[in-house]
Amino acid sequence: MKIQQEVDLKPFNSFAVSAIAAEFAEVSDPAQLPELFAYAEQQHLPTFVLGGGSNLLWVNDYPGLVIHLATRGLKFDRENMRVQAAAGENWHDLVINCLNNKFYGIENLALIPGSVGAAPVQNIGAYGVELEQVVHRVSVFDRQAGTFRSLDREACEFAYRDSLFKQSTGSQLVITGLELQLSAQWEPQLQYQALRDALADSLPSAEQVVQTVCQIRQSKLPDPGQLGNAGSFFKNPVVSTDKYKKLKEEFPELPSYPTGDTDLVKLPAAWLLDHLGWKGRSRGAAAVHDLHALVLVNTGDATGEDIYLLAQEMSTSVLSRFGVALQPEVTIL
């Protein structure tokens with residue numbers, strides 16, 4: 001196990017911004033974690049566990065030890081229709097592997113950037129499907145107890161773009177693997193209007209759904225390999241039904257989505273930002289993508305601070321005009 005000093009994290013985040021980690025270690029085996037955390041404690045170093053770096057923004061250098069999870073491994077259990085994946089596996093590659101092996105249920109989550117280990121943290125979701133619907137168990141290393149264990153779906157406390165792993169009570173847990181409960185029977189999930197409209201065939205194949213999801217995402221979201229970004233920067237805000245009715249009176253065209261709670265309504269953050277003319281605006285090399293107001297991009301040599309300040313300006317304008325607070329979907333460090 002090698003610990004490096006003064007490592008630039010630019011290659012390890014999809015925004016492609018520079019930030020220097022005082023110390024850096026790459027983990028290929030979860031069994032290395034106890035030793036690394038013990039070392040950090042002895043050296044009085046803060047620690048940060050890094051996966052694919054697709055949902056975070058480095059604003060400052062990191063004064064401690066960054067642990068990069070690069071573990072690999074997939075196991076398909078056809079008898080129970082479960083798949084186990086190591087935290088360091090690429091999420092989209094997992095989707096394609098499941099498709100090729102006829103394990104169905106996560107087709108709508110194709111092309112979401114990032115690692116398998118990051119997926120439960122954010123409870124990733126797209127086109128009417130959320131990860132929590134297919135989670136069987138999540139394997140973790142408990143830093144506080146110094147032990148490995150697994151959590152069932154209920155224990156993960158999943159919510160909209162949220163989970164136990166984002167809360168203070170779960171901050172000591174490092175995700176080392178994920179086990180999904182999938183299905184041998186193909187059943188398309190076409191609740192999302194744009195996906196349903198794009199699939200003229202009333203009974204599309206799983207391959208057609210994956211292909212269509214990828215086409216829709218590519219038409220809306222820039223490739224991080226070509227233009228630094230972390231996908232949607234803000235969550236869709238949830239407001240009370242009364243608040244929505246008042247906004248609807250002033251903005252009749254304002255769309256909404258159900259939340260499963262009759263007292264709450266979800267608003268599209270992209271619409272709020274687009275209404276205020278944020279598409280294409282910039283702050284230095286940090287900019288709002290010209291095709292999607294929710295996507296902030298690094299057009300060249302933007303710093304994390306540039307992107308962060310631009311995001312603050314955007315959220316302040318929404319609060320001022322609509323009285324709605326936007327929360328970042330991206331982890332800001």
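1. Examining the overall build of the chain
What the chain contains, in helices and strands, is 8 helices and 20 strands. By the compact-globule yardstick of 20 Å for 333 residues, the chain fits well, its C-alpha radius of gyration being 20 Å. Taken along its principal axes, the extent of the C-alpha atoms in the chain is 60 × 50 × 35 Å. With 333 residues in all, the chain has 47% of them scored as buried.

2. Describing the pattern of salt bridges
The full count for this structure, using the stated rule, is 6 salt bridges. The residue aspartate 142 makes a salt bridge to arginine 149 at a minimum N-O spacing of 3.2 Å. Given the relative accessible area of 37%, arginine 149 is considered partly exposed. The salt bridge partner of glutamate 329 is arginine 161, with a shortest N-O separation of 4.0 Å. With glutamate 329 in the loop between helix 8 (304-322) and strand 20 (331-332) and arginine 161 in the loop between strand 11 (147-152) and strand 12 (173-181), this residue pair connects regions lying 168 residues apart in the sequence. Of the two residues examined, glutamate 329 and arginine 161, each falls in the buried class. Several salt bridges converge on common partners, so that one network encompasses Glu130, Arg161 and Glu329.

3. Brief notes about the sheet that holds strand 18 (residues 286-288)
Paired through their backbone hydrogen bonds, the strands of a sheet run either parallel or antiparallel. Across the sheet, 4 strands lie side by side as 13-19-18-17; this open sheet has antiparallel pairing. Only two strands of the sheet have a single neighbouring strand rather than two, namely strand 13 (228-232) and strand 17 (282-283). Both strand 17 and strand 18 contribute to a ladder of 2 bridges, which runs antiparallel. The residue of strand 18 that forms the bridge with serine 282 is alanine 287. Docked against the sheet, helix 8 engages strand 17, strand 18 and strand 19 (295-298), running at close to 35° with respect to strand 18.

4. Examining the side chain of serine 315
Relative to the elements of secondary structure, serine 315 occurs in helix 8. The exposure class of serine 315 is buried, given its relative accessible area of 18%. Discounting chain neighbours no more than four positions away, the residues touching serine 315 are Phe234 and Leu326.

5. Examining helix 6 (residues 241-250)
The complete set of buried residues in helix 6 reads Thr241, Tyr244 and Leu247. Along the axis of helix 6, the buried residues cluster in a sector spanning 120°; they form a single face. Facing away from the buried side of helix 6 by over 90 degrees, the exposed positions are Asp242, Lys246 and Glu249.

6. Some words on helix 2 (residues 91-100)
Taken together, the buried positions of helix 2 are Trp91, His92, Leu94, Val95, Cys98 and Leu99. Mapping the buried residues of helix 2 onto a view down its axis gives an arc of 155°, with all of them on the same face. The elements touched by buried residues of helix 2 are strand 6 (74-77), strand 7 (82-86), helix 3 (118-122), strand 12 and helix 5 (206-220). Of the residues flanking the start of helix 2, the one acting as N-cap is asparagine 90, its side-chain oxygen 3.0 Å from the backbone nitrogen of histidine 92. Once helix 2 finishes, lysine 102 follows within two positions and takes phi at roughly 60°, a positive value.

7. Topic: unusual backbone geometry
Excluding glycine, most residues fall at negative phi; most peptide bonds, likewise, are trans. Positive phi is not limited to glycine here, since methionine 81 has a value of about 55°. As for its placement among the helices and strands, methionine 81 is situated in the loop between strand 6 and strand 7. Although it is not a glycine, arginine 161 adopts a positive phi angle of roughly 50°.

8. A look at the side chain of asparagine 123
Here asparagine 123 shows up in the loop between helix 3 and strand 8 (125-126). Here alanine 159 takes part through its backbone oxygen, which lies 2.8 Å from a polar atom of the side chain of asparagine 123. Filtering out sequence-adjacent residues up to four positions away, asparagine 123 remains in contact with Glu130, Leu131, Glu132, Phe158, Ala159, Arg161 and Asp162.

9. Things to note about the sheet that holds strand 14 (residues 238-240)
Strand order across the open sheet formed by 3 strands is 14-16-15, with antiparallel pairing between neighbours. Each edge of the sheet is formed by a strand with only one pairing partner; in this case those strands are strand 14 and strand 15 (257-258). The sheet contact formed by strand 15 and strand 16 (residues 264-266) spans 2 bridges and is antiparallel. Considered in strand 16, the bridge of proline 258 is made with valine 265. Running at roughly 90° to strand 14, helix 6 makes contact with strand 14 and strand 16 of the sheet.

Scoring rules and cut-offs
- Residues numbered from 1 in each chain as written.
- Predicted model: local features only at pLDDT ≥ 70, side-chain atom pairs only at ≥ 80, totals over all residues.
- Heavy atoms only, no water.
- Helix = DSSP H or I, 4+ residues; strand = E, 2+ residues; numbered from the N terminus.
- Rg over C-alpha atoms; globule rule 2.2 N^0.38 Å.
- Buried < 20%, exposed > 50% of the residue type's maximum accessible area, 1.4 Å probe, protein only.
- Salt bridge = Lys/Arg side-chain N within 4 Å of Asp/Glu carboxyl O.
- Pairing = 2+ DSSP bridges.
- Contact = heavy atoms within 4.5 Å.
- Axes fitted to C-alpha atoms, helices over the stretch in contact; angles between N-to-C directions.
- Arc of directions from axis to C-beta.
- Polar contact = N/O pair within 3.5 Å; in protein donor to acceptor, adjacent residues only side chain to side chain.

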